[in-house]
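Listed below, chain by chain, are the residues.
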Amino acid sequence: MAKDFEDFMQEKHCEQFIGTKDMLVDNFPEWLEDLDWDDWFKFGDMYSCQRVSTSVKQLRDAMLREMKFPFTNPFKKGGR
């Protein structure tokens, strides 16, 4: 997972980039400049959903560790 929004955008750029590896880094600023507002909002929504999902999972895991009960995990599919 990306550590910040810039890393997230670099990952998205890599996913969409067509060309040689040498040109990848140099093309990133140009790619950013070519994004329209809809793209920025879409990527912002994707990044925030990813961050919230990760935070919820971390919180859930911390809560389960604190409970220290040998019971089934209600959040896991299949109940165990």
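What you are looking at is a predicted structure, and each value in this text was computed from that prediction instead of being measured.

K.L.:
Give me the nonpolar core: which residues, what numbers.
P.N.:
By size, the foremost hydrophobic cluster in this structure holds seven residues: Phe8, Met9, Phe28, Trp31, Leu35, Phe43 and Tyr47. Elements with a minimum of two residues in this core: α1 (5–16), α2 (21–34) and α3 (37–67).

K.L.:
Go over the packing of aromatic side chains, please, and point to the residues and values.
P.N.:
Enumeration according to the criterion identifies eight aromatic pairs in this entry. Ring centres of phenylalanine 5 and phenylalanine 8 lie 6.1 Å apart, and the angle between their planes is 20 degrees; this geometry places the pair in the stacked category. Taken as a pair, phenylalanine 5 and phenylalanine 8 lie in helix α1 at a separation of three residues, close to a single helical turn. By relative accessible area, which is 29% here, phenylalanine 5 ends up partly exposed. A ring pair is formed by phenylalanine 8 and tyrosine 47, whose centres lie 5.4 Å apart and whose planes are at 55 degrees; its orientation type is tilted. Of this pair, phenylalanine 8 sits in helix α1 while tyrosine 47 sits in helix α3, and the two are 39 residues apart along the sequence. No difference in accessibility class separates phenylalanine 8 from tyrosine 47, as the two residues are buried. In this structure an aromatic cluster arises from ring pairing among Phe5, Phe8, Phe28, Trp31, Trp40, Phe43 and Tyr47. In this arrangement the basic side chain of lysine 42 is found over the ring face of phenylalanine 43, its NZ or CZ atom lying 4.9 Å from the centre.

K.L.:
So what about the side chain of histidine 13? Which residues, and what values?
P.N.:
Tracing the backbone shows histidine 13 in helix α1. Classification of histidine 13 by relative accessible area gives buried; the value is 2%. When sequence neighbours within four positions are dropped, the list of residues in contact with histidine 13 reads Leu24, Asn27, Phe28 and Trp31.

K.L.:
Hey, could you go over the pattern of salt bridges for me, with residue numbers and the actual values?
P.N.:
Scanning the entire structure with this criterion turns up two salt bridges. With a closest N to O distance of 3.3 Å, glutamate 15 and lysine 12 form a salt bridge. Note that glutamate 15 and lysine 12 are positioned in helix α1 at a spacing of three residues, about one turn of the helix. With a relative accessible area of 57%, glutamate 15 lands in the exposed category. Classification of lysine 12 as buried rests on a relative accessible area of 13%. When the shortest N-O distance is used, the salt bridge between aspartate 61 and arginine 60 registers 3.1 Å. On the basis of relative accessibility, which here comes to 33%, the residue aspartate 61 falls in the partly exposed class.

Analysis parameters
Residues numbered from 1 in each chain as written. Predicted model: local features only at pLDDT ≥ 70, side-chain atom pairs only at ≥ 80, totals over all residues. Heavy atoms only, no water. Core = buried A, V, L, I, M, F, W, Y, C linked by side-chain atoms within 4.5 Å. Buried < 20%, exposed > 50% of the residue type's maximum accessible area, 1.4 Å probe, protein only. Helix = DSSP H or I, 4+ residues; strand = E, 2+ residues; numbered from the N terminus. Phe/Tyr/Trp six-rings, centres within 6.5 Å; stacked < 30°, edge-to-face > 60°. Lys NZ or Arg CZ within 6 Å of the ring centre and 35° of its normal. Contact = heavy atoms within 4.5 Å. Salt bridge = Lys/Arg side-chain N within 4 Å of Asp/Glu carboxyl O.

In short, the description is geometric, and any link to function would need to be established separately.
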